[in-house]
Amino acid sequence: MPTVTSGRVLVTGANGYVAVWVLKYLLERSFEVRGTVRSESKGTYLRDLFEAYGDNLELVVVDDITKEGAFDAAVEGVDAILHVAAPVNLHAVDPDEVIVPGVNGAVNILKSAVKHRATVKRVVFTSSCAAIVTPPESLDAKPRVFDENDWNDAAVKEVQEKGRDAFPLNKYRASKVLAERAAWEFYEKEKARMGAEGLGWDFVVLAPPYIFGPVLHEVPSFDAFSGTARLWYNRVVKGIETGHGAWMNNGYEYVDVRDFAHAEVLALISPDVGGERIITCGQRFTWQGFVNIASRYSDKIPGTDPSHDPSKLTPLASYNSEKSRRLLGIQYRSLEETTKDTLEDLKSRGWL
């Protein structure tokens, strides 16, 4: 299968939490990188951050990824695409607010890849474990391990049946399922129509769970600090929304943002991943476990519990990420390293 070890790579959503780390790793490997941003102003920070790489970083504006042909100009002349951009809206009232942009953005990037199939060799699509896992209905549920064959059909069904009244997080989960499925269906249809050689590029999906770790993208103020990085800060550093609820000791899984960005690059250059769906899950964690580790590096961490032993807990929902280790050869960072580096990043910003 085609691999891309040099040349020009398109990274969508280039100013995002994951994507800026992806830019860093690609530029360090001497790739030419073209990144999309929603406005010219969002590229200023990136140009300054990667000034040392000069013309190897090019930024182009794609203000609306849902428009027909939105990526046509951006894809022209690239050897591969890392589609990292995706709408994140956890508070949508109408499910279509998050589903339509997700599906249209996924299909639009692939349509552009078809138009420019003379140069494109691989498309790496960022999905989510939200498209895989069916969350347990209660804390008494039987633990289950999910793999790449699983789909969160329950979220889609709920949204279809309840519409606006569906659980808000399930609207987001349904959007991830429907966007990824739309991408697979488009890819398989085009491959059947033209043949693998005629299409010219193969397709890889990466599915991460929670993503934590230090921030490299632009966060101009604490008020702009958001997403899963802010979630980690709220729960581990500030003890917000924690209390002593049962969920503090529940088992979950995450991937360090740097490892996931590395997985994006490995998916580009690894020979045997074409046509694969790959869970990129690093470590199991409990929030209390993170708190206890963080307390070893800072005396400002509340709510430590020395009696807590996360090794004795089995997550109600966990993932088999053997494929990522086997096909990508990736090694994941420990909770200790993620915690230590994240706290150092927060201290450097004056937020700890």
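Now for a description of the structure that goes with this document. (Residues numbered from 1 in each chain as written. Predicted model: local features only at pLDDT ≥ 70, side-chain atom pairs only at ≥ 80, totals over all residues. Heavy atoms only, no water.)

### A closer look at the sheet that holds strand E10 (residues 277–279)
Think of a sheet as strands paired side by side through backbone hydrogen bonds, with each pair either parallel or antiparallel. The sheet built from seven strands is open, its strands ordered E3-E2-E1-E4-E5-E7-E10 with parallel pairing. Among the strands making up the open sheet, the edge pair consists of strand E3 (57–61) and E10. Adjacent strand axes in the sheet meet at a mean angle of 20 degrees when their direction is disregarded. In this structure, strand E1 (residues 8–11) lies alongside strand E4 (residues 80–83), joined through three bridges in parallel fashion. Note that in E4 the partner of Val 9 across the bridge is Ala 80. Its contacts with the sheet put helix H1 (residues 17–28) on E1, strand E2 (32–37), E3 and E4, and the angle it makes with E1 is roughly 175 degrees. Docked against the sheet, helix H8 (residues 257–269) engages E1, E4, strand E5 (122–126) and strand E7 (202–207), running at close to 155 degrees with respect to E5. (Pairing = 2+ DSSP bridges. Helix = DSSP H or I, 4+ residues; strand = E, 2+ residues; numbered from the N terminus. Axes fitted to C-alpha atoms, helices over the stretch in contact; angles between N-to-C directions. Contact = heavy atoms within 4.5 Å.)

### Some remarks on the sheet that holds strand E9 (residues 252–256)
Strands sit in the order E8-E9-E11 across an open sheet of three strands; the sheet is mixed. Of all strands in the sheet, those with a lone pairing partner are strand E8 (210–212) and strand E11 (283–285), marking the two edges. Mean inter-strand twist for the sheet, computed between neighbouring axes without regard to direction, equals 50 degrees. Bridge count for E9 against E11 is three bridges, and the pairing is antiparallel. By the bridge assignment for E11, Tyr 254 is matched with Gln 283.

So yeah, pure geometry; function would need other evidence.
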